[in-house]
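What follows is each chain in one-letter form.
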Amino acid sequence: MEPDGWIRCMGKGMQQGMVMRKVKSRSWKKQRYFMLQDDCMTIWYKSRKTGNAKSACECHLPKADKNRDGRMNFKEVQHLLKMMNVDMDEHHAFRLFQMADKSESGTLEGEEFVLFYKALTQRDEVLSVFQEFSEDGKKLTLLEFVDFLQQEQMEGEGVEELAMELIAKYEPSETAKARHVLSIDGFLAYLCSPDGCIFNPTHKTLFQDMSQPLCHYFISSSHNTYLIEDQLRGQSSIEGYIRALKRGCRCLEVDCWDGPNGEPIVYHGHTFTSKIPFREVISTLEKYAFQASEYPVVLSLENHCSMEQQDVMAQQLKGILGEQLLTTTIDGRVPARMPSPEELKGKILLKGKRLGSLEDALSGEPEEALEPGELLEEEEEEEEGTEPEEEALRNEDKRKEKPSLSKELSDCIVYCKSVSFHSFQHSQSHYRLYEMSSFAEAKARKLIREAGNEFVRHNAWQLTRIYPSGMRTDSSNYNPQEMWNVGCQMVALNFQTAGAEMDLYDGLFNQNGSCGYVLKPGFLRDVETPFSPESLPQSNPLYLAIQVISGQQLPKVVNSKEGSIVDPLVRVEIHGVPADTSKQETKYIDNNGFNPQWGETLRFRVQVPELALLRFKVEDYDKTSRNDFVGQFTLPLSSVKRGYRHIHLLSKDGTAIPPASLFVHVQITELSESD
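Criteria and cut-off values
Residues numbered from 1 in each chain as written. Predicted model: local features only at pLDDT ≥ 70, side-chain atom pairs only at ≥ 80, totals over all residues. Heavy atoms only, no water. Helix = DSSP H or I, 4+ residues; strand = E, 2+ residues; numbered from the N terminus. Buried < 20%, exposed > 50% of the residue type's maximum accessible area, 1.4 Å probe, protein only. Contact = heavy atoms within 4.5 Å. Areas by Shrake-Rupley, 256 points an atom, 1.4 Å probe, with all protein chains shown as cover. Phe/Tyr/Trp six-rings, centres within 6.5 Å; stacked < 30°, edge-to-face > 60°. Lys NZ or Arg CZ within 6 Å of the ring centre and 35° of its normal. Axes fitted to C-alpha atoms, helices over the stretch in contact; angles between N-to-C directions. Left-handed = near helix turned anticlockwise from the far one by under 90°. Nonpolar A, V, L, I, M, F, W, Y, C, P; charged D, E, K, R; others polar. Arc of directions from axis to C-beta. Parallel < 35°, antiparallel > 145°, perpendicular 65-115°, else oblique. UniProt positions renumbered as here; feature names shortened; annotations may be inferred. Polar contact = N/O pair within 3.5 Å; in protein donor to acceptor, adjacent residues only side chain to side chain. Salt bridge = Lys/Arg side-chain N within 4 Å of Asp/Glu carboxyl O. Pairing = 2+ DSSP bridges.

Observations concerning the overall build of the chain
Here is step 1: For the chain, the helix and strand inventory stands at 20 helices and 25 strands.
Here is step 2: Each of the 675 residues in the chain was classed as buried or not, and the buried ones make up 53%.
Here is step 3: Nonlocal contacts in the chain, meaning residues at least 24 apart in sequence, comprise 67% of its contacts between residues at least 6 apart.
Here is step 4: Here the chain has roughly 31300 Å² of accessible surface; of this, 48% comes from carbon and sulfur atoms.

Right, here's the structure in full:
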């Protein structure tokens, strides 16, 4: 079962109650019964051996219960609150303590502690929304819930059926379900669920047209995929390929060099990075290529091998990948357009140099050799500022040492033949649609500045790959957004390096079923388009208002001092064309990571929403130094659901950090030309 499906099953099972086994060793195993409570945060468990029920929130108790008597006095409760990232007013905390202390013993135990925890986690801001639509303040009738879904959540057709479906799904009371009403617990469960998430759940599945030419898609792409650390001394590992493929990456890179015993190896040449056999990389690709996505994988070859080892590469590619490897056009004819991801399902394409053209190969004509002085592997562009004379000498040395290209390996290159770039006009008049060029980030930026319109038109009919500067030896990343703005398809990043750039990457590619392909906006697919990042297309500008209401159980900053509590603020960022790129932030809240309340509205005007990404970042404010990262979430503006929504935060490396979340209200309004 896929991970998402397993989580959904777990969630449903936990609501109904399920048996799980705790295993410490082969001999120590215990079964316990778990059940998610109405607040969607508390989990009860019952030992099969003793039959005693406990709340999972009681897992804090041993650490906070200093004298180990199974009870908690007020001082111990205060210590527990610090552990839970709560700096609550002492008088308020004591009022909650007294309310829960039903035995009036001055301590909390069992049910009393659970009562205290429920009072602590009560969501007043959610209750306020609930009561706004509930006539009696205790329940939402079907019609009241329909009103909420229409007026606030902006749900469209079939809203009554949707309301009944949501009540059946999230209302914990069987009596309420039978009457088609929603309690506050069911309402909160809905808002905390995927159906109440800011990310449109239909966009989590495959929803885009996959039958368009390959060049009409943004394609998830990795740079030097074999590296899992830095570019000079880092470890090379097949783990880099496994991680990238599991994230839905569809364009991988492999640098091939002559190895011992006639076996090609993969590593970052002329550095101290470790080496791995080419055979292992291809075996890994065969195993993992289509686990996360069934759409085509492009393997970008940087080939430094001798003729003999190139033949070995070709034999290993064909022998290990078999039918997965594409070695001719899909219909045996010269392509009149690039094939689509749909037509290339389950196929692995090679990108690299090729002898002659597809036309010659398919007609039986003899294939020509490489052009005089043409580099065998993909030529990496030099950084801006390189002295022309030095560059010429360096390239001359490269040309002298380059071997010829193996025909057996050349024949494996079909739709992604690498060619050197001279100018957009030269590409239009001399190159074919199955040929493509690669650019270092600095060269790409220069082309964007000097010929943005031409770059867009070029990317509407031919593939382009962008890769990081050679100066990024620490495996840092450039901003991919500026490359997407002109329609570059393969914007390769160092996947091993977490940060804002990979947040944007995950934000873009988490849509469309995380299949690694995202259809470009129409104005980036039209060769006649007038669009460039500086001259906006005929688009539908939007007004975006985001009310940041509250946060829930924000984690402590990694490696923070014991007893420290976050002072959270929320920064909301728009990433898109230059005119749209902006950010705003809330004030910070002193010492409250448990349930901070902001109630601030941030407003944006977005000219090109089709290219905009929305990023929420929570930071721990520090007036004397740089703010610390707490969590983030990024998504396409086109995937944002309106109304009251939860944002489930992710860690710096993109993994979930439940139950940390933000509660927001989103308003999106289309603007007319006069606005």
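Comments concerning the environment of Val126
Here is step 1: With respect to the helices and strands, Val126 occurs in helix 6 (residues 124-133).
Here is step 2: The buried category is assigned to Val126, whose relative accessible area is 1%.
Here is step 3: Those residues in contact with Val126 that lie beyond four places of it in its chain are Ile184, Phe187, Leu188, Leu191 and Phe663.

Some points on the packing of aromatic side chains
Ring pairs (aromatic) are described by centroid distance and by the angle formed between their planes.
Here is step 1: One pass over the structure, following the stated rule, counts 26 aromatic pairs.
Here is step 2: Summarising the aromatic geometry, the rings of Tyr170 and Tyr190 are spaced 6.4 Å apart at their centres and angled 50 degrees between planes, so their arrangement reads as tilted. Highlighted residues: Tyr170 in helix 8 (residues 159-170) and Tyr190 in helix 10 (residues 184-192), separated in sequence by 20 residues.
Here is step 3: Residue class for Tyr190 comes out buried when judged on its relative accessible area of 1%.
Here is step 4: A centroid spacing of 5.9 Å and a plane angle of 25 degrees characterise the contact between Tyr644 and Phe663, whose relative ring orientation is stacked. Of this pair, Tyr644 sits in strand 24 (residues 643-650) while Phe663 sits in strand 25 (residues 656-670), and the two are 19 residues apart along the sequence.
Here is step 5: What makes Tyr644 buried here is its relative accessible area of 11%.
Here is step 6: Taking relative accessible area as the criterion, Phe663 reaches 0% and is therefore assigned buried.
Here is step 7: In textbook terms, an aromatic cluster arises when at least three aromatic residues are bridged by ring pairs, as seen for Phe130, Phe133, Phe145, Phe148, Tyr170, Phe187, Tyr190, Tyr644 and Phe663.
Here is step 8: The ring of Phe199 carries the charged tip of Lys204 above its face, separated from the ring centre by 4.5 Å.

Quick look at the packing of helix 3 (residues 74-83) against helix 4 (residues 90-100)
Here is step 1: As a packed pair, helix 3 and helix 4 sit with axes 11 Å apart at the nearest point and diverge in direction by 115 degrees. Remark: the crossing between helix 3 and helix 4 carries right-handed chirality. Facing helix 3, whose interface residues are Phe74, Val77, Gln78 and Leu81, helix 4 presents Glu90, Ala93, Phe94 and Phe97.
Here is step 2: Along the lines of polarity and charge, the residues of the contact of helix 3 with helix 4 split into six nonpolar, one polar and one charged.

As for unusual backbone geometry
Here is step 1: Note the cis peptide between Pro658 and Pro659, where omega equals 0 degrees.
Here is step 2: Mapped onto the secondary structure, Pro659 falls in strand 25.
Here is step 3: Unlike most non-glycine residues, Met154 shows phi in positive territory, near 55 degrees.
Here is step 4: Relative to the elements of secondary structure, Met154 occurs in the loop between helix 7 (142-151) and helix 8.
Here is step 5: Judged by relative accessible area, Met154 falls into the partly exposed class, the value being 41%.
Here is step 6: Positive phi is not limited to glycine here, since Asn224 has a value of about 40 degrees.

A word on helix 12 (residues 278-288)
Here is step 1: The set of residues buried in helix 12 consists of Phe278, Val281, Ile282, Thr284, Leu285 and Tyr288. The buried residues of helix 12 occupy an angular sector of 155 degrees when the element is viewed end-on, so they sit on one face.

Details of the packing of helix 7 against helix 8
Here is step 1: The geometry of helix 7 relative to helix 8 is characterised by a closest axis approach of 9 Å and an angle of 110 degrees between their N-to-C directions. For the element pair helix 7 / helix 8, the angle class is roughly perpendicular. Viewed along their axes, helix 7 and helix 8 form a crossing whose handedness is right-handed. Across from Leu142, Phe145, Val146, Leu149 and Gln150 in helix 7, the residues of helix 8 making contact are Val159, Glu160, Leu162, Ala163, Met164, Leu166 and Ile167.
Here is step 2: Of the residues belonging to the contact of helix 7 with helix 8, the class tally is ten nonpolar, one polar and one charged.

Brief notes about the UniProt feature "active site" (unreviewed entry) in the chain
Here is step 1: Per the UniProt record, "active site" (unreviewed entry) is found at His223 and His268. These annotated residues cover 46 residues of sequence, but their C-alpha atoms sit close together, with the largest distance between any two at 11.2 Å.
Here is step 2: Among the secondary structure elements, His223 is positioned in the loop between strand 7 (217-222) and helix 11 (238-246).
Here is step 3: Taking the relative accessible area as the measure of exposure, His223 reaches 7% and is therefore buried.
Here is step 4: Aside from chain neighbours lying at most four places away, what touches His223 is Gln231, Glu253, Arg465, Tyr467, Pro468, Ala492, Leu493 and Asn494.
Here is step 5: Its place among the elements puts His268 in the loop between strand 9 (265-266) and strand 10 (276-277).
Here is step 6: Every residue in contact with His268, bar those within four places of it in the chain, is listed here: Asn224, Tyr226, Leu227, Gln231, Asp255 and Thr273.
Here is step 7: At a separation of 2.8 Å, a polar atom in the side chain of His268 contacts the main-chain carbonyl oxygen of Gln231.

With respect to helix 3
Here is step 1: Residues of helix 3 that are buried: Phe74, Glu76, Val77, Leu80 and Leu81. Down the axis of helix 3, the sector holding all buried residues measures 155 degrees, keeping them to one side.
Here is step 2: Sitting at the amino-terminal end of helix 3 is Asn73, which places a side-chain oxygen 3.2 Å from the backbone nitrogen of Lys75.

Notes on the pattern of salt bridges
Here is step 1: Counted under the stated rule, the structure contains 28 salt bridges.
Here is step 2: Of the charged contacts, one joins Arg279 and Glu263 as a salt bridge, the two residues approaching to 3.1 Å between their closest N and O atoms. Remark: Glu263 occurs in the loop between strand 8 (251-257) and strand 9 and Arg279 occurs in helix 12; sequence separation between them is 16 residues.
Here is step 3: Across the salt bridge formed by Glu294 and Lys345, the nearest N and O atoms sit 3.3 Å from each other. Taken together, the residues Glu294 in the loop between helix 12 and strand 11 (297-303) and Lys345 in the loop between helix 13 (307-321) and strand 12 (348-352) connect sequence positions 51 residues apart.
Here is step 4: Assessed through its relative accessible area of 41%, Glu294 is described here as partly exposed.
Here is step 5: Assessed through its relative accessible area of 32%, Lys345 is described here as partly exposed.

Remarks on the pairing of strand 14 (residues 435-440)
Here is step 1: A large share of strand 14 lies buried, amounting to six of its six residues.
Here is step 2: Residues Glu435, Ser437 and Phe439 point to one face of strand 14 and Met436, Ser438 and Ala440 to the other, with burial holding for every one of them.
Here is step 3: Across two bridges, the pairing between strand 13 (residues 413-418) and strand 14 is parallel. Looking across to strand 14, one finds that Lys417 is bridged to Glu435.

Structural notes on the side chain of Gln231
Here is step 1: Counting through the fold element by element, Gln231 comes out in the loop between strand 7 and helix 11.
Here is step 2: Looking at Gln231, its side chain comes within polar contact range of the side chain of Ser475, at 2.9 Å.
Here is step 3: Aside from chain neighbours lying at most four places away, what touches Gln231 is His223, Asn224, His268, Thr271, Thr273, Arg472, Thr473, Ser475, Asn494 and Gln496.

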